[in-house]
Amino acid sequence: MSSTSTITGTRLGFSGDFRRRLTYVVTFVTSIPVSVYVAAFILGGFVLAALAPGVLRTHDPFRTDLFSTLQAPSLSHIFGTDQSGRDVFSRVVQGTAQSMAIGVGATTLSMSIALTLGIAAGLGGRMADSLISRFLEVMFAFPNLFLALLFVTIFDATTATLIVAVGVGTAPGYARMIRGQFLAVRRAGYVEAATALGHSWQRIVRQHIFPNAMRPLVVMITLGLGQSIVWASGLAFLGLGVAPPSPEWGALLDAGRDYVVNAWWLEVMPGFAIIVFALSVTVIGQHLQDRLEGRFHPV
Amino acid sequence: MINPPLLAVDNLRVSFGRGNEVVKGVSFTVEAGRCLAIVGESGSGKSVTARSLVGLAGQGALVQADRLSFEGRDLTALPDREWRRVRGRHIGFVLQDALVSLDQLRPVGREIAEGLQLHGEARSRTERTEHVVRLLERVGVPEPTVKARQLPHELSGGQRQRALIAASLALDPKLLIADEPTTALDVTVQARILDLLAETQARGKALILISHNLAVVSRMADEVIVMRRGEVVECGAADQVFREPRHEYTRRLLNAVPSMHSRGTRLAPASAPRPSLPVQPAAPSYAENPLLQANGLVKRFRRPDGSLHTAVRGVSFSLNTGETLGIVGESGSGKSTVARMVMALETPDEGEVLLNGAPWTALPERQRRKWRRGISIVYQDPLSSFDPRWTVERVIEDSLPKDEAHRRARVTELLELVSLSNAFRIRRPLELSGGQRQRVAIARAIASRPKVIVCDEPVSALDVSIQAQILDLLGDLKHQFGISYLFISHDLGVIHHLSDRVLVMSQGEAVESGDVDDILLRPQCRYTQDLVAAVPRLRFALAA
């Protein structure tokens with residue numbers, strides 16, 4: 001993240017000589033918890049799978065093999081095979097790109113909507129706040145999934161519709177959190193202190209309110225990434241996901257549903273991928289959060 | 001045969017994890033009807049010592065002692081269950097903060113009754129209720145039957161503390177341990193709570209009092225233990241410890257207490273020589289207009305139920321160049337609201353504040369902004385007044401005037417002025433101690449070279465030795481730069497130490513004002529008399 005590198009930058013600026021710089025880098029590197037490295041490694045694997053699935057997959061994810069259907073995980077098929085004899089591991093790898101696209105896309109969309117509404121409500125004065133808050137309450141009256149369902153039912157289920165459906169469905173919750181953040185930071189002691197120093201409102205908003213209100217956003221985004229993949233999987237599980245031959249993770253879950261009694265790996269393995277992905281993103285997000293809040297310091 | 005002491009503790013050690021010993025071998029005995037006080041600053045291990053006596057040392061604490069006996073019975077050998085019975089029944093514990101310690105969602109009476117129920121006392125419900133009402137009555141809670149049914153937040157701070165004492169007395173214990181029982185309370189309320197504890201003691205109970213307040217301790221204690229960093233630095237009879245402290249640290253603690261006697265003296269031992277910077281001598285205060293003038297300030301707030309509450313009713317005062325005006329009052333007296341109006345952070349409903357004889361609060365914010373550098377503020381809680389992301393350097397730099405050249409050098413100079421080394425520039429607020437934070441807050445306040453600094457309880461959250469350093473620093477800056485202070489505090493000792501004139505506030509009104517010695521030594525108004533009388537004083541004058 002850019003903010004982390006700025007911290008590093010200022011700190012390095014103070015220590016002139018090379019040796020101190022080196023010591024700093026070493027303490028910095030060793031001070032990061034192992035869990036973060038593990039999470040980063042796993043996430044790297046997912047990114048690799050998304051960008052170049054060919055490197056990781058062991059079989060052709062679309063080739064059926066009727067002689068080896070529904071095989072339990074083994075050395076030749078580490079995640080087992082499905083009802084058509086396709087290698088589950090390779091399918092999970094192949095589906096990563098699509099699932100991540102949905103996660104990133106939906107999170108980006110929902111954060112954009114949420115930021116616009118939340119900031120307008122949090123900084124725009126009483127009138128804007130009550131208008132937007134009422135609107136959000138109306139949105140909350142619908143169950144979250146309902147909005148997404150509605151959307152997917154009206155339009156065809158493609159990756160794009162899924163992104164919009166999940167993005168719009170999760171936006172109101174984030175919008176409300178962001179609004180609360182801005183309202184809370186507005187009342188913070190340092191905002192008052194800056195007022196007392198004679199700084200202009202624009203400057204206070206730019207220097208204090210914005211950066212502080214946005215801090216939880218890093219975690220919100222990372223949690224949102226995992227969550228929107230889970231959402232998309234949920235829609236797919238209901239049969240509203242991307243069309244069947246595609247190995248999107250949710251679609252894999254949906255397809256494996258009928259065989260869950262005698263082929264657990266069809267559900268467990270894609271589910272495992274979703275959980276591990278969400279978990280590693282969260283671990284990294286949490287670490288960034290601690291760092292940004294000044295709770296964690298390498299030196 | 002000599003009776004064994006009520007409680008005997010020998011070489012008590014408490015540690016959290018390996019190598020992290022917070023109490024390093026404390027020994028003492030307590031006799032029935034006597035009061036033992038443990039004093040020390042934060043981190044001295046005084047609270048942990050007291051808490052470990054009732055098994056509340058906290059999670060992961062390893063408590064060891066060579067001897068721990070109660071009425072001659074060895075407690076270290078007792079199985080856990082027995083031990084719990086002893087301390088529940090015979091040792092009462094009064095916790096520090098009543099608002100936190102009482103269950104928010106349970107009527108106060110039920111909380112007190114719980115102890116009775118657990119120890120099989122007063123079996124029927126009506127019997128218990130009666131008992132609770134009797135206890136509340138005894139500790140001086142008004143309308144005990146009504147209060148017993150109310151929730152903690154419906155009681156005042158003093159009443160809550162009384163309720164806690166009632167709870168700890170419920171089982172008629174022989175020993176009462178009170179951990180900072182009056183810390184969050186106003187002086188008049190504190191005086192009544194101390195009376196209550198003294199009365200309990202007079203009825204034959206032993207008392208262990210934990211406090212950072214030396215005056216409170218000198219009023220109550222028969223024996224004193226002074227702790228520092230987990231070790232006992234001095235112990236003995238109270239009058240001996242206070243009159244002729246043997247240890248350097250005790251002497252320093254006692255010297256650090258601000259009072260009328262300490263006026264014009266330094267409270268902390270001089271540390272490194274202060275940098276001599278160009279002195280801007282204070283202009284003599286014969287100017288026609290006072291520097292700051294408040295005329296008939298009124299401020300009303302709307303309560304949650306829609307009714308109006310008048311926080312400040314017609315307060316007027318003036319502050320001359322180079323002068324310190326102390327505003328003293330108890331919580332809810334409106335003194336902080338006055339500070340906020342003076343800073344133009346709150347607009348008065350009536351009246352106005354003039355700065356240098358010109359309109360100040362009456363100006364629109366846009367016009368006021370450029371004058372704001374002439375007046376700055378130091379808060380009680382500096383931490384919340386710093387952006388948590390910012391380094392010390394950025395905090396101070398941010399308050400420099402736009403046209404200030406050599407900004408880095410100026411930051412260094414300001415840090416030096418508040419006796420912080422250059423290494424602090426890259427620290428963040430959370431990485432500073434309370435005293436360091438307040439120093440940074442002061443550096444920020446003087447950065448714009450203001451004429452007036454409003455200090456809103458700037459030392460109330462600090463330990464006495466740190467408080468002494470900060471008060472010395474404020475005094476030095478005043479002499480060096482001719483700054484005027486509007487100094488707000490609930491602590492009459494601090495006010496007396498620092499102020500030239502004083503304004504006493506009660507329930508939003510200025511009840512008395514004038515020269516500090518006149519007001520605090522010869523108060524005319526009834527309220528001020530009560531306030532002055534309630535202040536605990538060091539009972540023993542320190543031998544020179």
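Rules used throughout
Residues numbered from 1 in each chain as written. Chains lettered and ligands numbered in written order. Predicted model: local features only at pLDDT ≥ 70, side-chain atom pairs only at ≥ 80, totals over all residues. Heavy atoms only, no water. Pairing = 2+ DSSP bridges. Helix = DSSP H or I, 4+ residues; strand = E, 2+ residues; numbered from the N terminus. Axes fitted to C-alpha atoms, helices over the stretch in contact; angles between N-to-C directions. 1 Å grid on protein atoms, 1.4 Å probe; cavity = no way out; pocket = protein on both sides within 12 Å on 5 of 7 lines; lining within 4 Å. Points joined across faces, edges and corners; volume = space filled by probe spheres on them. Nonpolar A, V, L, I, M, F, W, Y, C, P; charged D, E, K, R; others polar. Salt bridge = Lys/Arg side-chain N within 4 Å of Asp/Glu carboxyl O. Buried < 20%, exposed > 50% of the residue type's maximum accessible area, 1.4 Å probe, protein only. Domains from an automatic or database assignment. Contact = heavy atoms within 4.5 Å. Buried area = accessible area lost by both parts, 1.4 Å probe. Polar contact = N/O pair within 3.5 Å; in protein donor to acceptor, adjacent residues only side chain to side chain. Phe/Tyr/Trp six-rings, centres within 6.5 Å; stacked < 30°, edge-to-face > 60°.

A look at the sheet that holds strand β7 (residues 91-94) of chain B
Residue and element names in this part refer to chain B.
- Pairing within the open sheet is mixed, and its 6 strands lie in the order β7-β8-β9-β3-β10-β11. The sheet is open, and its two borders are formed by β7 and β11 (231-237), each paired with just one other strand. Neighbour-to-neighbour, the strand axes of this sheet turn through a mean angle of 15°, independent of strand direction.
- Here strand β3 (residues 35-39) pairs with strand β9 (residues 206-211) via 5 bridges, running parallel.

Observations regarding the sheet that holds strand β16 (residues 358-359) of chain B
All names here are of chain B.
- Read from one edge of the open sheet, 4 strands run β13-β12-β15-β16, paired in antiparallel fashion. Every interior strand has two partners, whereas the edge strands, β13 (308-319) and β16, have only one.
- Inspection of the sheet shows strand β12 (residues 292-302) paired to β13 by 9 bridges, in the antiparallel sense. The residue of β13 that forms the bridge with Leu292 is Leu319.

Observations regarding the layout of surface pockets
All names here are of chain B.
- Taken as a whole, the second largest pocket encloses approximately 790 Å³ of empty space.
- Around the second largest pocket, the lining comprises 24 residues; the ones closest to its centre are Gly88, Ile91, Phe93, Gly115 and Ala167.
- Of all the secondary structure elements, the ones that give two or more residues to the lining of the second largest pocket are α2 (80-90), β7, α4 (108-118) and α7 (157-169).
- At 5 residues, the largest contribution of residues to the lining of the second largest pocket is made by α4.
- For the lining of the second largest pocket, the class distribution of residues is 12 nonpolar, 7 polar and 5 charged.

Focus on the pattern of salt bridges
Residue and element names in this part refer to chain B.
- Within the structure shown, the criterion is met by 36 salt bridges over all chains.
- Its salt-bridge partner being Glu365, residue Arg372 comes within 3.0 Å of it at the nearest N-O pair.
- Exposure remark for Arg372: the relative accessible area of 1% places this residue in the buried category.
- Through salt bridges with shared partners, a single network forms among Asp103, Arg106, Glu111 and Glu114.

Focus on unusual backbone geometry
- If you check the backbone angles, Ala344(B) has positive phi at about 55° while not being a glycine.
- Along the chain, the position of Ala344(B) falls in the loop between α12 (335-342) and β15 (350-355).

Some details on the domain arrangement of chain B
Residues and elements named next belong to chain B.
- Partitioning chain B into domains gives domain 1 (7-255) and domain 2 (292-300 + 307-534).
- Spacing between the C-alpha centres of domain 1 and domain 2 amounts to 35 Å.
- Every contact between the two is made by 7 residues of domain 1 and, on the other side, 9 residues of domain 2.
- Here domain 1 and domain 2 share an interface that buries about 870 Å² over both sides, 50% of which is from carbon and sulfur atoms.
- Area buried by domain 1 at its contact with domain 2 is led by Glu41, Asp186 and Val187, which between them contribute 53% of it.
- On inspection of domain 1 and its partner domain 2, the count reaches 0 salt bridges.
- Joining domain 1 to domain 2, the criterion identifies 5 residue pairs in polar contact (both at pLDDT 80 or more).
- Considering every element that reaches the side of domain 1 that touches domain 2, the biggest residue donor is helix α8 (residues 187-202), with 3 residues.
- Each residue belonging to the side of domain 1 that touches domain 2 can be placed in one class, and the counts come to 3 nonpolar, 2 polar and 2 charged.

Describing the packing of aromatic side chains
Residue and element names in this part refer to chain A.
- Inspection of the entire model under this criterion finds 8 aromatic pairs over all chains.
- With a centroid separation of 5.3 Å and an interplanar angle of 85°, the aromatic rings of Phe46 and Phe277 are classed as edge-to-face. Of this pair, Phe46 sits in helix α3 (residues 34-51) while Phe277 is found in helix α12 (residues 265-292), placing the two residues 231 residues apart along the sequence.
- With centroids separated by 6.1 Å and ring planes inclined at 70°, the aromatic side chains of Trp249 and Phe277 adopt a geometry described as edge-to-face.

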